[in-house]
Amino acid sequence: MRRALGIAGALAAALTVGGTGLASAAEEPVPIGPDCYKTLCLGQSEQDALATGLVVDETPGEPPQGCNVLDFRPEEGQGHPGNGVFVHPTRGVVEIQGTDRMRTPEGAGFGQTLDQVRAIYPDLYNVPPMDFTYGADVPGRPGVRYIFAFKDDGYLADFGLEDVAGMDAC
């Protein structure tokens, strides 16, 4: 449920502020996937995720029930408010949400249209309960998928890499 709220919040923020969230043309996007973003990987404990130096824990006190959300350091790019790295207490990192400095290894990232992402991932499928959220299974990685959320205008507003069972536990 928290995941659905995060993606819905990201979409609301994207619709409010507009824009595509694209990194400057001078910066080369860094791949997110098939298992990691740089040294931050699915399945890592929260302690190991923090030790990468890529994220910080901005949550005061005890994490909420379910998953804790770590924030990327500013130099890793701009994501949408409320998004980051979801960490389950026993499964570890279960989702790494993208920033404007990231792309999937196949080239999907902020600002692309649904048709462009579908051209990269022909087997793209809807991920309920939101009709604007789609998934693409990561080849050779059972239970891992890329997740994409699109604004009403059809442009990619949020994306990430997730352990499906782990996110269901959040």
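Definitions and limits used
Residues numbered from 1 in each chain as written. Predicted model: local features only at pLDDT ≥ 70, side-chain atom pairs only at ≥ 80, totals over all residues. Heavy atoms only, no water. Helix = DSSP H or I, 4+ residues; strand = E, 2+ residues; numbered from the N terminus. Buried < 20%, exposed > 50% of the residue type's maximum accessible area, 1.4 Å probe, protein only. Contact = heavy atoms within 4.5 Å. Areas by Shrake-Rupley, 256 points an atom, 1.4 Å probe, with all protein chains shown as cover. Salt bridge = Lys/Arg side-chain N within 4 Å of Asp/Glu carboxyl O. Pairing = 2+ DSSP bridges. Phe/Tyr/Trp six-rings, centres within 6.5 Å; stacked < 30°, edge-to-face > 60°. pLDDT = per-residue confidence, 0-100.

Chemist: Even after reading the chapter, I still don't get the overall build of the protein chain, so can you show me in this structure?
Modeler: Per the secondary structure count, the protein chain includes 4 helices and 12 strands. In the protein chain, which comprises 170 residues, the share counted as buried stands at 47%. Pairs at least 24 apart in sequence give 53% of the contacts found in the protein chain among residues at least 6 apart. Accessible surface, the protein chain as shown: approximately 8100 Å² in total, 54% of it carbon and sulfur.

Chemist: Hey, could you run me through the pattern of salt bridges in this one?
Modeler: Summed over the entire model, instances satisfying the criterion amount to 5 salt bridges. Across the pair Lys38 and Glu76 runs a salt bridge, and its minimum N-O distance is 3.0 Å. Residue Lys38 is found in the loop between β2 (36–37) and β3 (40–41), and its partner Glu76 is found in the loop between β5 (68–72) and β6 (85–88); the two are separated by 38 residues along the sequence. For Glu76, a relative accessible area of 6% corresponds to the buried category. The residue Arg145 makes a salt bridge to Glu162 at a minimum N-O spacing of 2.6 Å. Taken together, the positions of Arg145 in strand β11 (residues 144–150) and Glu162 in strand β12 (residues 156–163) put the pair 17 residues apart, joining distant regions of the chain. Take Arg145 and Glu162: they sit in the same class, and that class is buried.

Chemist: Which parts of the structure should I look at to understand the sheet that holds β11?
Modeler: Across a sheet, paired strands are connected by hydrogen bonds in the backbone, their directions being either parallel or antiparallel. Here we have 8 strands laid out as an open sheet, ordered β4-β5-β6-β7-β12-β11-β10-β9, and antiparallel in their pairing. Every other strand in the sheet has two partners, leaving β4 (55–56) and β9 (125–126) as the edge strands with one partner each. Of the strand pairs in this sheet, β6 and strand β7 (residues 92–97) are connected by 4 bridges, and their pairing is antiparallel. Counted as the bridge partner of His88 is Gly92 from β7.

Chemist: Explain the packing of aromatic side chains to me, please; I cannot follow it from the model alone.
Modeler: In this structure the tally under the stated criterion is 6 aromatic pairs. Ring geometry for Tyr121 versus Phe148: centroids 5.6 Å apart, planes at 40°, classification tilted. Residue Tyr121 is found in the loop between α3 (114–120) and β9, and its partner Phe148 is found in strand β11; the two are separated by 27 residues along the sequence. The same class applies to Tyr121 and to Phe148, which are both buried. Through pairs of rings, three or more aromatic residues link up here, namely Tyr121, Tyr146 and Phe148.

Chemist: Just to check I follow, could you spell out the confidence of the model for the protein chain for this structure?
Modeler: In low-pLDDT regions, the fine details of the predicted coordinates are not to be read closely. Of the residues in the protein chain, 82% have a pLDDT of 70 or more, and the chain-wide mean is 85. Ignoring residues within four places in sequence, the model shows residues 1–25, a span with pLDDT below 50, making 49 contacts including any to other chains.

Chemist: I'm lost on the pairing of β7 in this one. Help?
Modeler: Here β7 lies mainly inside the structure; 6 of its 6 residues are buried. Hairpin geometry of β6 and β7 is characterised by an intervening segment of 3 residues between the two adjacent antiparallel strands. Sheet topology places β7 next to β12; 3 bridges connect them, and they run antiparallel. Bridging across to β12, Ile96 finds its partner in Leu161.

Chemist: Which parts of the structure should I look at to understand the pairing of β11?
Modeler: Consecutive residues of a regular strand have side chains that alternate between opposite faces of the sheet. The buried count for β11 comes to 7 of 7 residues, which makes it a mostly enclosed element. Both faces of β11 are covered, namely the face carrying Val144, Tyr146, Phe148 and Phe150 and the face carrying Arg145, Ile147 and Ala149. Summarising the sheet, strand β10 (residues 133–137) and β11 pair through 5 bridges and their orientation is antiparallel. Following the sheet pairing, Gly135 is matched in β11 by Ile147. If you look at the hairpin formed by β10 and β11, you'll find 6 residues sitting between the two strands, and Gly140 has a positive phi there, around 75°.

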